[in-house]
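Observations on chain architecture
One-letter residues, chain by chain:
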Amino acid sequence: VGCKESVIQNLQCELTAMKVERSENARDHEESLHMLKSTLEEQLQQNDLLRVQLGRKRAECEEASSENRSLFTQLSERTLERDDFGSKMQGMRTLISKLKDEL
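Report on the accompanying structure. (Residues numbered from 1 in each chain as written. Predicted model: local features only at pLDDT ≥ 70, side-chain atom pairs only at ≥ 80, totals over all residues. Heavy atoms only, no water.)

1. Notes on the overall build of the chain
Looking only at helices and strands, the chain features one helix and zero strands. What you see for the chain is a C-alpha radius of gyration of 44 Å, clearly larger than the 13 Å of a compact globule of 103 residues, by over 25%. C-alpha extents for the chain along the principal axes are approximately 150 × 20 × 10 Å. Of the charged side chains in the chain, 16 are positive and 20 negative, and the gap between their average positions amounts to 7 Å. (Helix = DSSP H or I, 4+ residues; strand = E, 2+ residues; numbered from the N terminus. Rg over C-alpha atoms; globule rule 2.2 N^0.38 Å. Lys, Arg positive; Asp, Glu negative; His and termini not counted. Charge placed at Lys NZ, Arg CZ, Asp CG, Glu CD.)

2. Section: the environment of Asp84
You can see Asp84 is positioned in helix H1 (residues 2-102). With a relative accessible area of 40%, Asp84 lands in the partly exposed category. As a C-alpha pair, Asp84 and Gln12 span 72 residues in sequence and 105 Å in three-dimensional space. (Buried < 20%, exposed > 50% of the residue type's maximum accessible area, 1.4 Å probe, protein only.)

3. A word on the pattern of salt bridges
In total, this model carries five salt bridges according to the counting rule given. Ionic pairing is found between Asp48 and Arg51, a salt bridge with its closest N-O pair at 2.7 Å. Of the two residues, Asp48 and Arg51 are both situated in helix H1; the distance of three residues between them amounts to about one turn of the helix. Between Glu81 and Arg78 there is a salt bridge, with its nearest N and O atoms 3.7 Å apart. One end of the pair is Glu81 and the other is Arg78, both in helix H1 and three residues apart, which spans about a single turn. Glu81 gets classed as partly exposed once you look at its relative accessible area, which sits at 48%. (Salt bridge = Lys/Arg side-chain N within 4 Å of Asp/Glu carboxyl O.)

Written as structure tokens, this is what we have:
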């Protein structure tokens, strides 16, 4: 009978030790999950900030691109005007040369 009680006590001690270990493991697991959740939340906030910054930069780039297209259009118009003026000047030079030749 004493041997059975000793075995039962040993098993109860082992069971208690296992319960304590399981409880500690569960607590460690809970802490790890909490840390992971906090880290993920911080990363999400940082991603949101980066998304806003990216949106601003994209808007700035689109604005600059639009401005560049406008400047290119103006340059093209001025080039055509210059070419047209150059043609008119050449025509006047030719006319002046003919008039000089006639005089």
